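Per-entry structural report
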Amino acid sequence: MKNFSINRLVKPFDITISTIASDKSISHRCAMFSLFSNQTSYIKNYLTAEDTLNTLSIVEQLGATIKRVGSNVEITPKDILTEPSNILDCGNSGTAMRLFCGLLASIEGSFILTGDKYLRNRPMKRVADPLRSIGANIDGRENGNKAPLFIRGVKELEPFIYHSPVDSAQVKSAMILAALRANGVSKYKENELTRDHTERMLKGMGATLEYDNEGFINIHPLKAHLDPLNITVPTDPSSAFFFAVAAAITPNSRVLIKNVTLNPTRIEAYEVLKRMGVIVNFIEKENIYEPIGDIEVINNELNGIDVSENISWLIDELPALSIAMSLAKGTSKVSNAKELRVKESDRISSVVNNLKLCGVKFTEFEDGYEITGGSLQKSTINSYGDHRIAMSFAIAGLNCDMNIEDIDCIETSFPNFKEILDSLYI
Ligand SMILES: O=C(O)C1=C[C@@H](OP(=O)(O)O)[C@@H](O)[C@H](O)C1
Ligand SMILES: C=C(OP(=O)(O)O)C(=O)O
């Protein structure tokens, strides 16, 4: 178990960063969706971190040929996916496990999906139940709620009408992937739009998905193979956000983050920083599947804020936002965010336990927390094996010195995080 110490940053920074990790959600989808084509997909800037390399390895175990040179990946699928001879290891990734459930439910063969101790403790009923209701054979520990999950692919799934009780892009994507091989048009609805990379990418590859006027996505089963992908994965706004918070809490500092997806479902945390008083500019440059451009963040005021809406649009950034909230003027409150409890760690507990160690006043709720802003003090915090917690408190260290225990988890999404953090001191 590795640890590191972060020293207080005593000078302002003004940097342009073009080496932040590529988007994790889009990278997972590139690897998986390439299996719906019968031609080679070309992916540039694939995220070469543990989560997405595990997905690539599963795609290979399913019979695709993969050529990878650094972050350039070529995936040539087989016409019929192969039953793997071993278990499929999703590592730490909820996205991989849940999307593969939908993808594999109607593939001939048996598949066992497992993951690390954190993933094996996360709820899978949210995908297993609706998939079972359309004929999928999925089982696992705790009546199919926990991995290892066992899937025996069926020939055909029933089309469905499903209004999801949970706003989750992973559930939506699993059901869309299953619907592509159902024997009729399926309908999926969510209460709040969640990240929509699946819809955008599959449509771009030729699938028919459309919204009806009752807010359902109508998903037509595939009649033929989809077009292959030819894509450059943009920078991950969730990874970049750690450096946005760094600029927000360091007097007179500025950061320009290059080539980020500006998909509205992914940049809400930057909008929250803006509402807190920070100067944030979005500079859109192109649109390939989604808008892509640069984000400039300039230190300014930092005031407390209440966050209770569009939670799924900023769910991964709430731990980093809690650091900005701790240094803001006044109190901040996060509510409607119960989903935080079922991520890589229980992120409500992880955030408040660590803030307590840093001397921050807070109240914990079942669905969030209230933070009294002011100052942070040096501490030794535990990541709880959660990459977002490790990186959020590393950024806090720029303000007050910090020891972070158990930092290996950063490898799951952002292997060069520390290198970029170190460059702020130069
Ligand atoms: O679909 C995706 O790529 C993701 C969806 C979100 O999870 P939920 O669907 O569980 O909200 C998010 O937290 C995760 O980091 C990535
Ligand atoms: C929740 C996350 O990912 P996943 O659900 O794929 O493990 C995350 O990256 O913050």
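Computed from a predicted model, the values in this text were never measured in an experiment. (Residues numbered from 1 in each chain as written. Chains lettered and ligands numbered in written order. Predicted model: local features only at pLDDT ≥ 70, side-chain atom pairs only at ≥ 80, totals over all residues. Heavy atoms only, no water.)

1. Regarding the site of ligand 2
Neighbouring ligand 2 are 13 residues; Lys24, Thr95, Arg122, Glu344 and Arg388 lie closest to it. Glycine 94 is positioned with one of its backbone polar atoms (N or O) 2.9 Å from an oxygen atom of ligand 2. At 3.0 Å, a side-chain N or O of glutamate 344 approaches an oxygen atom of ligand 2. Bound to the protein, ligand 2 loses 98% of the 290 Å² it would expose on its own. Of all the elements in the fold, those that place two or more residues in the shell around ligand 2 are helix H3 (94–104) and helix H12 (387–400). Its residues assigned to classes, the shell around ligand 2 comprises no nonpolar, six polar and seven charged. (Near = heavy atom within 4 Å. Polar contact = N/O pair within 3.5 Å; in protein donor to acceptor, adjacent residues only side chain to side chain. Areas by Shrake-Rupley, 256 points an atom, 1.4 Å probe, with all protein chains shown as cover. Helix = DSSP H or I, 4+ residues; strand = E, 2+ residues; numbered from the N terminus. Nonpolar A, V, L, I, M, F, W, Y, C, P; charged D, E, K, R; others polar.)

2. Topic: the domain arrangement of the protein chain
Taken as a whole, the protein chain is organised into domain 1 (3–22 + 234–424) and domain 2 (24–231). Each of domain 1 and domain 2 has a C-alpha centre, and the two are 28 Å apart. Counting from both sides, the interface comprises 31 residues of domain 1 and, opposite them, 30 residues of domain 2. Overall, the association of domain 1 and domain 2 removes approximately 2,500 Å² of surface from exposure, summing both partners, and the carbon and sulfur fraction of that is 48%. If you sort the residues of domain 1 by the area they bury against domain 2, Ser22, Tyr289 and Thr412 come out on top, with a joint share of 28%. The salt bridge partner of glutamate 344 is arginine 122, with a shortest N-O separation of 3.7 Å. Put simply, domain 1 and domain 2 have 13 residue pairs in polar contact (both at pLDDT 80 or more) between them. Of all the secondary-structure elements, those providing two or more residues to the side of domain 1 that touches domain 2 are strand S17 (290–298) and H12. Classifying every residue of the side of domain 1 that touches domain 2 by side-chain character gives twelve nonpolar, nine polar and ten charged. (Domains from an automatic or database assignment. Contact = heavy atoms within 4.5 Å. Buried area = accessible area lost by both parts, 1.4 Å probe. Salt bridge = Lys/Arg side-chain N within 4 Å of Asp/Glu carboxyl O.)

3. Regarding the UniProt feature "domain: Enolpyruvate transferase" (unreviewed entry) in the protein chain
In this numbering, the UniProt entry assigns the feature "domain: Enolpyruvate transferase" (unreviewed entry) to residues 19–421. Secondary structure across residues 19–421 divides into 31% helix and 25% strand, with the first and last C-alpha atoms of the span separated by 11 Å. (UniProt positions renumbered as here; feature names shortened; annotations may be inferred.)

4. Notes on the sheet that holds strand S11 (residues 186–189)
In spatial order, the strands read S10-S11-S13-S12; together these four strands make up an open sheet with mixed pairing. The open sheet has two edge strands, strand S10 (161–163) and strand S12 (209–211), and neither has a second partner. Within the sheet, the average angular offset between the axes of one strand and its neighbour, ignoring direction, is 20°. Bridge count for S10 against S11 is three bridges, and the pairing is parallel. Looking at the pairing, tyrosine 162 lines up with tyrosine 188 of S11. (Pairing = 2+ DSSP bridges. Axes fitted to C-alpha atoms, helices over the stretch in contact; angles between N-to-C directions.)

5. Some thoughts on unusual backbone geometry
Note: most residues except glycine have negative phi, and most peptide bonds are trans. With an omega dihedral of 0°, the bond running from alanine 147 to proline 148 counts as a cis peptide bond. Along the polypeptide, proline 148 turns up in strand S9 (residues 146–152). Phi at asparagine 252 takes a positive value of approximately 60°, unusual for a residue other than glycine. By the element assignment, asparagine 252 lies in the loop between helix H8 (237–249) and strand S15 (254–261). You can call asparagine 252 exposed: its relative accessible area is 65%. (Buried < 20%, exposed > 50% of the residue type's maximum accessible area, 1.4 Å probe, protein only.)

6. Remarks on the site of ligand 1
Contacts to ligand 1 come from Ser25, Arg29, Thr95, Arg98, Ser168, Ala169, Gln170, Arg195, Ile315, Asp316 and Lys343. Compared with its free state, where it exposes 380 Å², ligand 1 has 94% of that area covered by protein. Contributions of two or more residues to the shell around ligand 1 are made by helix H1 (24–33), H3 and helix H6 (169–179). Each residue belonging to the shell around ligand 1 can be placed in one class, and the counts come to two nonpolar, four polar and five charged. Two domains each provide a minimum of three residues to the shell around ligand 1, namely domain 1 (3–22 + 234–424) and domain 2 (24–231).

7. Examining the pattern of salt bridges
Scanning the entire structure with this criterion turns up 27 salt bridges. The salt bridge partner of arginine 341 is glutamate 366, with a shortest N-O separation of 3.6 Å. Here the residue arginine 341 occupies a position in the loop between strand S19 (331–334) and helix H11 (347–357), and glutamate 366 occupies one in the loop between strand S20 (361–365) and strand S21 (368–372), the gap between them amounting to 25 residues. The buried category is assigned to arginine 341, whose relative accessible area is 17%. Through salt bridges that share partners, Arg122, Arg195, Asp316, Glu344, Arg347, Asp386 and Arg388 make up one connected network.

8. Describing the environment of isoleucine 311
On the secondary structure map, isoleucine 311 appears in the loop between strand S18 (306–307) and helix H10 (318–326). Residue isoleucine 311 is classed as buried on the basis of its relative accessible area of 7%. Taking the C-alpha atoms as reference points, isoleucine 311 and valine 334, 23 residues apart in sequence, are found 9.1 Å from one another. Residues in contact with isoleucine 311, not counting those within four places in the same chain, are Glu192, Ser335, Asn336 and Ala337.

9. Side note on the UniProt feature "active site" (unreviewed entry) in the protein chain
Here, UniProt's "active site" (unreviewed entry) annotation points to Asp316. Here aspartate 316 lies in the loop between S18 and H10. When neighbours within four sequence positions are excluded, aspartate 316 is seen to be in contact with Arg195, Ser238, Lys343, Arg347 and Arg388. A polar contact of 3.2 Å, which involves the side chain of aspartate 316, links it to the side chain of arginine 195.

10. Here we look at the environment of asparagine 399
When you line up the elements, asparagine 399 lands in helix H12. Exposure remark for asparagine 399: the relative accessible area of 25% places this residue in the partly exposed category. Leave out the neighbours within four places in its chain, and asparagine 399 touches Arg8, Ile249, Leu327 and Leu376.

11. Things to note about the sheet that holds S19
The mixed open sheet is built from four strands, whose spatial order is S18-S19-S21-S20. Looking at strand neighbours, the two that pair on one side only are S18 and S20, the edges of this open sheet. Where S18 meets S19, two bridges bridge the pair, whose relative direction is parallel. Paired with valine 307 across the bridge in S19 is valine 334. On top of the sheet, H10 reaches S18, S19 and S21; it is set at about 25° to S21, its chief contact.

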